[in-house]
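These are the residues of each chain, in order.
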Amino acid sequence: MHIEDDDTGEKPAGPADSAAAVDHVALTPGRVVGRYEVLEVLGQGGFGIIYRVRDTQLDREVALKEYLPPALAIRQDGASVLPRSTAVAEDFSWGRERFVAEGRTLANLHEAPSIVKVFDFVEANGTSYMVMELVRGDTLEERVKARGPLSPAEIDWFLPPLLDGLQQVHESGFLHRDIKPGNILVNEAGLPTLIDFGAARLAVAGRSSTMTAIFTPGYAAAEQFAAGKQGPWTDIYGLAATLHHAITGKAPPSAFERLLADTYVPLASLQLIGFPAQLLAGIDAGLAVRFEERPQTIAAWRALLGRATADANATMIMSQPLARPVPPTLPTPPTPPTPPSAPAELAFTPQPRSRWKPMTLGAVAAALLALAIGYYVETLPPRPQQAQSAETVAAVPAPAPIHETEAAVAAREGEEALQLIAADRQRIQTVLTSLGYDTRGSDGTFGERSREMIAAWQKAKGHAATGYLTAAQVPALLREVPSVASSAARPHNSMSPAPRQAGAYDGVYSGGLSTTGFAELPGVVTAELSIAGGQLIGRITQPGCGVSAVSLAVASNGDITGSGRIYEGQDCSMGGFTATGRANGDRVALELRTKVGTMRGSFGRRGG
């Protein structure tokens, strides 16, 4: 029997592991939080710790999730949780509010199938705890690895409750944002449970400079790697990629790679015996790289998958018979009284919930599902006084309206998500001035004049004149005068090779990095980098901690410079780095220096 943790990046720890080493961060067995006695640590990672605990009143075992992001907080006296410093105290408190809001939303979804259930909340030790059902089973990833891809009948049994549960999550104004085979548990009856909702974790990572958002290659949508609009279509991509894995045994190509060269082979073009063509075509539709080309709601996607009814009273026969009858539904344990938060204003309008539950002999009675009539636009407020959008239905009540249109807010927050450093803004000001859009200085601060000039450049290029740059516009602008941008970025070096044509280094590069000074890692550090014009973006995977995002500048002669944050502590805490490197021919050499040590690597261009 396998008990899975409920947080990305958390490392399961069984009883044997606990006996072998003393964990000075986690609560020790025997500690009591509210009415829950700690039995063992199930896992811990970048956002908190999961425990197996005993409810001393109901005498049952449940899971207890503690909010303790190691980048923001520390354990004191074996129990109390405190912010690491006054500098991150505000981020710690804000993240705790998001953690609680996420749990309250899940607590209101007790009737949603295939969604992990939340029973209770506890405020203790200076932090918050979420009490959840203890889900037992193997992850879908483990199931496929041990037994091979799922059969058509297993997919028919597995998919409907996931679609229904996820639709109810979306209708509550909430996203999962980290759907993958490792976050779906499958019980002995073959029924799935979706765990590890990543919305709160990623929101905190987006706000705090000490945390980095973690995405799983192959399952994260393209808009999650940049400042794209996220909504139900983002979860649809993750679930479609998960279905691809369940059917073929492997993930589709990373959306990050597909932005440059799309090598995805549609499932509908493969010889997959027993799978309905409409189902395969629907999965392909959910894997469209551009979010606007995907189905925008679960209801719309279900129609493409061949699982929508034309009439509310109609009965649809599944294309494949179910392998076994539905086991009797266990009674849901009573939820202790937890006052729900007042719903915040949603960016897309919830629809009345409809249910579609599998019945024996493959007959499924379904109510007609209404299409969502708006978009979910997630906002990650970088400062408390700014307007917070509703990523969850139970977020803090919406503040008073401000004099910004929805489009202006989205544009501003999109640029903020790029995390442009002062040197980036200086180069942009220099290039704008050289093009005739005089910013009246290049101090690295985008004031009113710089915003006006950005808007003027956008208008001249046929873009919406918002005054805020998008991820695509930044490299496009810098490419217009590459020599100016390069000279602003670094002193001239007469020994440097002659500049190559802009775009000559474009491509995807990958390879490993050697480390000096870092704590011993349980595997090899790898990187995947993408160069487009004057910008390098990519991810560095550090075993035991996760993935760090990097964004660097590439001069026209191939010099690479910039800075950012990566995991550097044994506890997966983040630290700043400065980067130097060179793109030359079909290779990229890169060195990252932190206070702890150095990472170096040489990466080959794919297909080069």
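Every chain begins its residue count from 1, and numbering advances along the sequence as written. Predicted model: local features are reported for residues with pLDDT of at least 70 only, side-chain atom pairs are reported and counted for 80 or more only, and whole-chain, interface and lining totals are derived from all residues. Heavy atoms throughout the structure, all of them, feed into the side-chain values; hydrogens and water do not.

## So, the overall build of the chain
Every helix listed is a DSSP run of H or I at least four residues long, and every strand listed is a run of E at least two residues long, numbered separately from the N terminus. Scanning the chain for helices and strands turns up 14 helices and 22 strands. Taking all 608 residues of the chain together, the buried fraction comes to 52%. Any two residues whose heavy atoms approach within 4.5 Å at even a single point are treated as in contact. The contacts in the chain between residues at least 6 apart in sequence include a share of 60% that link residues at least 24 apart. Exposure is judged per residue with a 1.4 Å probe applied to protein chains only, and the accessible area is read against the type maximum: over 50% gives exposed, under 20% gives buried, and values in between give partly exposed.

## Concerning the sheet that holds strand β16 (residues 525-532)
Spatially, the eight strands close up into a barrel ordered β15-β16-β17-β18-β19-β20-β21-β22, and their pairing is antiparallel. Each adjacent strand pair in this sheet contributes to an overall mean axis angle of 25°, direction not counted. Where strand β15 (residues 507-516) meets strand β22 (residues 598-605), six bridges bridge the pair, whose relative direction is antiparallel. If you follow T516 over to β22, its bridge partner there is T598. Two strands form a pair only when DSSP identifies at least two bridges running between them. Where helices are involved, their axes are fitted lines through C-alpha atoms of the stretch in contact, as for all axes, and angles between N-to-C directions lie from 0 to 180°.

## Description of the sheet that holds strand β11 (residues 192-194)
The strand order β9-β10-β11 describes an open sheet built from three strands, whose pairing is antiparallel. Strands at the two margins of the open sheet, each flanked by one partner only, are β9 (138-139) and β11. Inspection of the sheet shows β9 paired to strand β10 (residues 184-186) by two bridges, in the antiparallel sense. Looking at β10, one finds that T139 is bridged to L185.

## Topic: the nonpolar core
Among buried residues, the Ala, Val, Leu, Ile, Met, Phe, Trp, Tyr and Cys ones that are joined through side-chain atoms within 4.5 Å form a nonpolar core. One finds Y51, L140, I155, F158, L239, I283 and W301 to be the most contacted residues of the largest nonpolar core, which totals 82 residues. In terms of residue count, helix α6 (residues 232-248) provides more of this core than any other element does, eight residues in total. Boundaries between domains were set according to an automatic or database domain assignment. Mapping this core onto the domain boundaries places at least three of its residues in each of domain 1 (31-133) and domain 2 (138-305). Here I155 is in contact with L150, P160, L243, A246, I247, F275 and L279, once residues within four sequence places are set aside.

## A look at the side chain of E66
Here E66 shows up in strand β4 (residues 60-67). Owing to a relative accessible area of 0%, E66 belongs among the buried residues under this scheme. In protein, a polar contact requires one atom able to donate a hydrogen and another able to accept it; more generally it is a pair of N or O atoms within 3.5 Å, and residues adjacent in sequence count only if both atoms are side-chain atoms. For E66, the side chain forms a polar contact with the side chain of Y51, separated by 2.8 Å. Looking at E66, its side chain comes within polar contact range of the side chain of R75, at 2.7 Å. With near-sequence residues (within four places) excluded, E66 lies in contact with L27, F47, G48, I49, Y51, R75, V81, F99, T127, S128 and Y129.

## Focus on the packing of helix α4 (residues 152-171) against α6
At a minimum axis separation of 12 Å, α4 and α6 run at an interaxial angle of 165°. The angle between α4 and α6 places the two elements in the roughly antiparallel class. By crossing handedness, the relation of α4 to α6 is classed as right-handed. For the pair α4 and α6, contact is made by I155, F158, L159, L162, L163, L166 and H170 and by P232, D235, L239, L243, A246 and I247, respectively. By the convention adopted, Pro, Cys, Tyr, Trp, Phe, Met, Ile, Leu, Val and Ala count as nonpolar, Lys, Arg, Asp and Glu as charged, and the other residues, Gly among them, as polar. For the contact of α4 with α6, the class distribution of residues is 11 nonpolar, one polar and one charged. An angle below 35 degrees is treated as roughly parallel, one above 145 as roughly antiparallel, one from 65 to 115 as roughly perpendicular, and anything else as oblique. By definition, any crossing whose near helix is turned counterclockwise from its far helix by less than a right angle is left-handed, and any crossing with a clockwise turn is right-handed.

## Brief notes about helix α12 (residues 448-460)
Here α12 is 13 residues long and its end C-alpha atoms lie 19 Å apart, about the 18 Å a rise of 1.5 Å per residue gives. Among the residues making up α12, those that are buried are S450, R451, M453, I454, A455, W457 and Q458. Directly after α12, the chain includes G462, whose backbone phi takes a positive value near 85°. Given a helix with a known number of residues, its expected span is that number minus one, times 1.5 Å.

## Thoughts on the confidence of the model for the chain
Confidence scores per residue from the predictor, reported as pLDDT, run from 0 to 100. Residues of the chain with pLDDT of at least 70 account for 69%, and the chain-wide mean is 74. Averaged over each element, pLDDT in the chain is lowest for strand β12 (residues 315-317) (33) and highest for α6 (96). The model gives residues 204-212 a pLDDT under 50, and that stretch makes 37 contacts with residues more than four places away or in other chains.

## Topic: the packing of helix α8 (residues 277-286) against helix α9 (residues 298-305)
Packing of α8 against α9 brings their axes to within 7 Å, and their N-to-C directions diverge by 145°. Contacts between α8 and α9 involve Q278, L279, G282, I283, A285 and G286 on the former and, on the latter, W301, A303, L304 and L305. Grouping the amino acids of the contact of α8 with α9 by side-chain chemistry returns seven nonpolar, three polar and no charged.

## What about the pairing of strand β20 (residues 574-584)?
In terms of strand pairing, strand β19 (residues 559-567) meets β20 through nine bridges, oriented antiparallel. Its bridge partner lying in β20, Y567 is registered against M574. Looking at chain direction, β20 and strand β21 (residues 587-593) are connected through seven bridges and run antiparallel. Across the sheet, the residue bridging to G581 is L590, located in β21. Here β20 hands over to β21 after two residues, with G585 in that stretch at a positive phi of 65°.

## What to know about the environment of Y567
If you trace the backbone, Y567 turns up in strand β19. For the pair Y567 and F518, spaced 49 residues apart in sequence, the C-alpha to C-alpha distance is 9.5 Å.

## Considerations on the pattern of salt bridges
By definition, a salt bridge exists where a carboxyl oxygen of Asp or Glu is found within 4 Å of a side-chain nitrogen of Lys or Arg. Enumeration over the complete set of coordinates arrives at 17 salt bridges. R35 serves as the salt-bridge partner of D55, at 2.9 Å between the closest nitrogen and oxygen. With D55 in strand β3 (residues 48-55) and R35 in the loop between β1 (32-33) and β2 (36-44), this residue pair connects regions lying 20 residues apart in the sequence. R35 matches D55 in its accessibility class, with the two residues each being buried. A salt bridge links E591 to R600; its shortest N-O distance comes to 2.6 Å. On the accessibility criterion, E591 (17% relative accessible area) is buried. Here R600 falls in the partly exposed class, since its relative accessible area comes to 37%. One network of salt bridges, with partners in common, ties together E40, R52, E61 and R136.

## Here's the deal with the pairing of strand β6 (residues 80-83)
Pairing of strand β5 (residues 73-76) with β6, which is carried by four bridges, proceeds in the antiparallel orientation. When the sheet's bridge partners are listed, R75 is paired in β6 with V81. The loop that links β5 with its antiparallel partner β6 comprises three residues; one of these, D77, has a positive phi angle of about 55°.

## Some points on the packing of aromatic side chains
Working definition: rings of Phe, Tyr and Trp (its six-membered ring) pair if their centres are within 6.5 Å, and the pair is stacked with planes under 30 degrees apart, edge-to-face with planes over 60 apart, and tilted otherwise. Following the criterion strictly, the structure yields three aromatic pairs and no others. Considering the side-chain rings of Y67 and F92, the 5.2 Å spacing of their centres and the 35° angle between planes classify their relative orientation as tilted. Remark: F92 occurs in helix α2 (residues 86-107) and Y67 occurs in strand β4; sequence separation between them is 25 residues. Since its relative accessible area comes to 0%, Y67 is described here as buried. Centroid distance W233 to F291: 5.6 Å. Interplanar angle 25°. Geometry classified as stacked.

## Considerations on unusual backbone geometry
One non-glycine residue, D59, lies in positive phi territory at about 55°. Look at N125: it is not a glycine, yet its phi comes out positive at around 55°. When you line up the elements, N125 lands in the loop between β7 (118-124) and β8 (127-132).

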